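Structural characterization, general
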Amino acid sequence: MRTIELGTRLVGQDQPCFVIAEIGINHNGDIGVATQLIDVAVESGCDAVKFQKRDPELAVPQAYRDVMRETPWGMMTYLEYRHRVEFGQDEYEQIHEYCHKRDILWFASPWDTESVTFLEQFNPPCHKAASAALTDGELLDAMRSTPRPLMISTGMSTSEEMDEAVERLGTDDLLIAHTTSTYPCPPEELNLRMIQSLQAKYLCPIGYSGHESGLQTTCAAVALGACFVERHITLDRGMWGSDQGASVEPTGLRRLVRDIRVMELALGDGVKKLYDSELPSRERLRK
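Residues numbered from 1 in each chain as written. Predicted model: local features only at pLDDT ≥ 70, side-chain atom pairs only at ≥ 80, totals over all residues. Heavy atoms only, no water.

Here we come to the side chain of Arg231. In this structure, Arg231 sits in strand β12 (residues 228–232). A distance of 2.5 Å separates the side chain of Arg231 from the backbone oxygen of Glu212, its partner in a polar contact. Each residue touching Arg231, except ones within four places of it in the same chain, is listed here: Ile20, Ala21, Glu22, Gly210, Glu212, Gly214, Leu215, Thr218, Ala246, Val248 and Leu256. (Helix = DSSP H or I, 4+ residues; strand = E, 2+ residues; numbered from the N terminus. Polar contact = N/O pair within 3.5 Å; in protein donor to acceptor, adjacent residues only side chain to side chain. Contact = heavy atoms within 4.5 Å.)

This part covers the pairing of strand β3 (residues 18–24). Taken residue by residue, a regular strand's side chains alternate between the two faces of the sheet. Across the 7 residues that make up β3, a large majority, 7, are buried. Residues Phe18, Ile20, Glu22 and Gly24 line one face of β3 and the alternating positions Val19, Ala21 and Ile23 line the opposite face, and both faces are buried. One ladder, built from 5 bridges, connects β3 with β12; its direction is parallel. Residue pairing across strands places Ile20 opposite Glu230, the latter belonging to β12. Following the chain from β3 across helix α1 (residues 31–44) to the adjacent parallel strand β4 (residues 48–53), one finds a crossover that is right-handed. (Buried < 20%, exposed > 50% of the residue type's maximum accessible area, 1.4 Å probe, protein only. Pairing = 2+ DSSP bridges. Right-handed = clockwise from strand over helix to strand, strands pointing away.)

Once that is clear, we can look at the nonpolar core. Within the largest apolar cluster, 60 residues are counted, with the highest numbers of intra-cluster contacts made by Val49, Phe51, Trp106, Ile152 and Ile176. Beyond its immediate chain neighbours, meaning those up to four positions away, Ile176 contacts Ile152, Thr154, Val166, Leu198, Tyr202, Cys204, Pro205, Ile206, Gly207 and Phe228. Membership of the second largest hydrophobic core comes to 14 residues, among which are Ile20, Cys126, Met151 and Leu175. (Core = buried A, V, L, I, M, F, W, Y, C linked by side-chain atoms within 4.5 Å.)

Quick look at the structure:
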C-alpha cells in the first residue's frame, strides 16, 4: 500500500487513521454553524473537516429546478434552496482562515468542474469525489488534472464502474473509500469486508465513509484496516437537513475518535511478545 501526504499528515500503511469530519451542507448555509462544527472536529481530535461545493446552476438537474420544497425559510424551488444553503467566496475565505487558526485541514467534494477551479484557490490537501461523481468522467478528469491527491467514494457503484474509474484515474495519489450510499445505512448493508477486498485489489490507501447510525461499525472498519474514515457530523441530529439523521453529534464524535485511537493501540504489530507486565504472573503461575 502506498502512503500519501495530505497536508502535514501521511495516510496509508503504518500510519494513524486519518479522521475526517464531514460537515457537508449540515451548516444549512450558516457560517456560524460551520465554525461551531469546525470547533467540534478540532476538540474531538479529527484530522480534517470536509465540505461540499456546488454551483447550483450547473449541479441541479433541470427536472428538479422548479420542484417546490418546504424549508425552514419557507416554500421555495429546489434551485432556490440549493442557492440558500451554498457557501460562496466570502464564506470559504472565512472557513479557510478559521481552519488555519484552529490548525485543522479542510477540503471539499466539488460537484461540478467550476467548483474544482473555485476550490483550487485555497490549495486544499486533496479533492474528494463523492459517490455520485464516480461515473462523471469530466468531473473526475478536472480533479485529476490538479496537483492534489484525489479521494473517491464508491457508493451506489458496481465493481465494473469502480474498475473503470480507477483505470481512468490511475492509483498514484489516489485514496479509495468504501461506502454504501444509504442514509442512514443499516448494518447488514455496510459490507465492511469490502475494505479488505479493495486492499487486495488496489495498491493505494483504502478507507471508509460511513453513513450508519452508531459508532461501533466505524471502529470495526479501522480494525479491518481502513487507514482513513469519514463520518458526517452535526450539532444536533434533530436539525433540518437530509444528512442530519445519519450524522454524529459532538459527544459521539469525541467518543469515536477516542475509540479509534484505543483500537489502534490495541491492534499492535502482530508480532508475539512477552510483556514485562506479564512477568510477575509468569513467575507465580509457572513454577
